[in-house]
Amino acid sequence: MFITRRVEFSASHVCRHPDLTDEENEALYGVAARLHGHGHNFVVEVTLEGEPDPVTGMVFDLKRLKEILNEEVVRPFDHRFLNLEVPPFDRIVPTPENLAVEIWRRVAPRLAGEPARLHSVRVRETEDLHVDYFGGGE
Amino acid sequence: MICLTRRYRFAASHRLHSPRLSEDENRTLYGKCNNPFGHGHDYTLEVSVRGPIDRRTGRVASLSALDRLVDEQVIRAFDHRNLNVEVPAFGALVPTSENLTIEIRDRLGANWKRAFPEGGAVLERVRLHETRRNTFELMGTV
């Protein structure tokens, strides 16, 4: 069974790579490359996979998942300029792809030893764009 | 593995009517979708791209390349068109959302390598919402 918890944070970012020219950045990232940054109301959906516990009837305590997501994602990311204030985005471009991988890296260790496992992290940048990360391969 | 999904919209009209069925059979099978004058929908299309994240750019695929491909192959071909009359594939084929999803998948697939010559990104899935209640989904083949 899959259970999903959603959290939101509002943050600014700029998608540009220091090794590329202005023209190359503009071609690659479009308006997201504009120098001074812009913001989104990011929506993060974290999905765990497991079986309901026979006693509690729960795959995982959603209150605890909420606390974990607040500690690992909302508090460090909310109302921040990701490139300037949230490592590793001082070194890597804060695309939704990289955000999903970073959120996975932060959340997965908090579930170590639990019966439920992390299945996916969805980062929704806008209503028209989201990414799903299933771990591995990075 | 990472999968990026981008949403697009187009509005089009169609009429569901099979030349292989009688008038009565068409009316029974397709109901109000068989209205001789046609009708339309605001379609929503979700295109999902799967692949590794490029270490340098942090992207699985170029969004501008994806937007160009979808615009060229889907939006310009279908948006504010009568699918039966203006899209050659639906001259003989009933423009159900099943067939429309196949047509979109095939158009994107046939032009995928040209849009993404650097490779890496594959077409994971095409999902077409005809209305908020009807959704059609096909896995990619490239």
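Residues numbered from 1 in each chain as written. Chains lettered and ligands numbered in written order. Predicted model: local features only at pLDDT ≥ 70, side-chain atom pairs only at ≥ 80, totals over all residues. Heavy atoms only, no water.

Enquirer: Got a minute to help me understand the overall build of chain B in this structure?
Expert: Across its full length, chain B carries four helices and five strands. When the helices and strands of chain B are placed in sequence order, the string is β-α-β-α-β-α-α-β-β. Reported as C-alpha extents along the three principal axes, the dimensions of chain B are approximately 60 × 25 × 25 Å. A separation of at least 24 residues holds for 69% of the contacts in chain B among residues at least 6 apart in sequence. Of the roughly 7500 Å² of accessible surface on chain B, a fraction of 50% belongs to carbon and sulfur atoms. Taking the average place of the 22 positive charges on the side chains of chain B and the average place of its 18 negative ones, the gap between the two points comes to 5 Å. (Helix = DSSP H or I, 4+ residues; strand = E, 2+ residues; numbered from the N terminus. Contact = heavy atoms within 4.5 Å. Areas by Shrake-Rupley, 256 points an atom, 1.4 Å probe, with all protein chains shown as cover. Lys, Arg positive; Asp, Glu negative; His and termini not counted. Charge placed at Lys NZ, Arg CZ, Asp CG, Glu CD.)

Enquirer: Which parts of the structure should I look at to understand the interface of chain B and chain A?
Expert: Accessible area lost on assembly of the parts is the figure often given for the size of an interface. Tallying the contact residues gives 19 residues for chain B and 23 residues for chain A. Summed over both partners, the interface of chain B with chain A buries about 1900 Å², with 48% contributed by carbon and sulfur atoms. One salt bridge connects Arg7(B) with Asp128(A), and the closest N-O pair in it is separated by 2.7 Å. Breaking the side of chain B that touches chain A down by element, the ones donating at least two residues are strand S1 (2–14) and helix H2 (63–78) of chain B. (Buried area = accessible area lost by both parts, 1.4 Å probe. Salt bridge = Lys/Arg side-chain N within 4 Å of Asp/Glu carboxyl O.)

Enquirer: Would you mind going over the packing of H2(B) against helix H4 (residues 97–115) of chain B with me for this structure?
Expert: A pair of packed helices is characterised by two quantities: the angle between their axes and the separation of those axes. Residues and elements named next belong to chain B. Their axes nearest at 10 Å, the elements H2 and H4 cross at an angle of 140°. Viewed along their axes, H2 and H4 adopt a mutual orientation that is oblique. Between H2 and H4 the crossing geometry is right-handed. Residues Ala65, Leu66, Leu69, Val70, Glu72, Gln73, Val74, Ala77 and Phe78 of H2 lie in contact with H4, whose contacting residues are Leu100, Glu103, Ile104, Arg107, Leu108, Asn111, Trp112, Arg114 and Ala115. (Axes fitted to C-alpha atoms, helices over the stretch in contact; angles between N-to-C directions. Parallel < 35°, antiparallel > 145°, perpendicular 65-115°, else oblique. Left-handed = near helix turned anticlockwise from the far one by under 90°.)

Enquirer: Mind showing me how you'd approach the packing of helix H2 (residues 62–77) of chain A against helix H4 (residues 96–107) of chain A here?
Expert: All names here are of chain A. In contact at an axis separation of 9 Å, H2 and H4 are set at 135° when each is read in the N-to-C sense. The orientation of H2 relative to H4 falls into the category oblique. When you trace H2 past H4, the crossing you get is right-handed. Residues Ile68, Leu69, Glu72, Val73, Pro76 and Phe77 of H2 form the contact with H4, whose own contacting residues are Leu99, Glu102, Ile103, Arg106 and Val107.

Enquirer: Hey, could you run me through the pattern of salt bridges in this one?
Expert: If the charged atoms of two oppositely charged side chains come close together, the side chains can form a pair. Residues and elements named next belong to chain B. Scanning the model with the defined rule gives 26 salt bridges over all chains in all. Its salt-bridge partner being arginine 125, residue glutamate 137 comes within 4.0 Å of it at the nearest N-O pair. Placement of the pair is glutamate 137 in strand S5 (residues 135–139) and arginine 125 in strand S4 (residues 122–129), with a sequence separation of twelve residues. Residue classification places glutamate 137 among the partly exposed positions, given a relative accessible area of 45%. (Buried < 20%, exposed > 50% of the residue type's maximum accessible area, 1.4 Å probe, protein only.)

Enquirer: Sorry if this is basic, but what is going on with the pairing of S1(B) here?
Expert: Most of S1(B) sits inside the fold, with ten of its 13 residues counted as buried. Direction of pairing for strand S5 (residues 129–133) of chain A relative to S1(B): antiparallel, over a ladder of five bridges. Each residue of the ladder has a partner; that of His130(A), found in S1(B), is Thr5(B). When S1(B) meets strand S3 (residues 81–82) of chain B, the two strands line up parallel, connected through two bridges. Bridge pairing links Ser13(B) to Asn82(B) in S3(B). (Pairing = 2+ DSSP bridges.)

Enquirer: For this particular structure, what's the right way to read the nonpolar core?
Expert: As a rule of thumb, soluble globular proteins bury nonpolar side chains together. The biggest cluster of nonpolar side chains holds 67 residues, and the ones touching the most others in it are Phe10(B), Leu45(B), Ile104(B) and Leu108(B). If we skip the residues at most four places from it in the chain, Leu108(B) touches Val47(B), Leu69(B), Val70(B), Gln73(B), Val74(B), Leu123(B) and Val126(B). Counting seven residues, the second largest nonpolar core, distinct from the first, contains Cys15(A), Leu20(A), Ala32(A) and Ala33(A). (Core = buried A, V, L, I, M, F, W, Y, C linked by side-chain atoms within 4.5 Å.)

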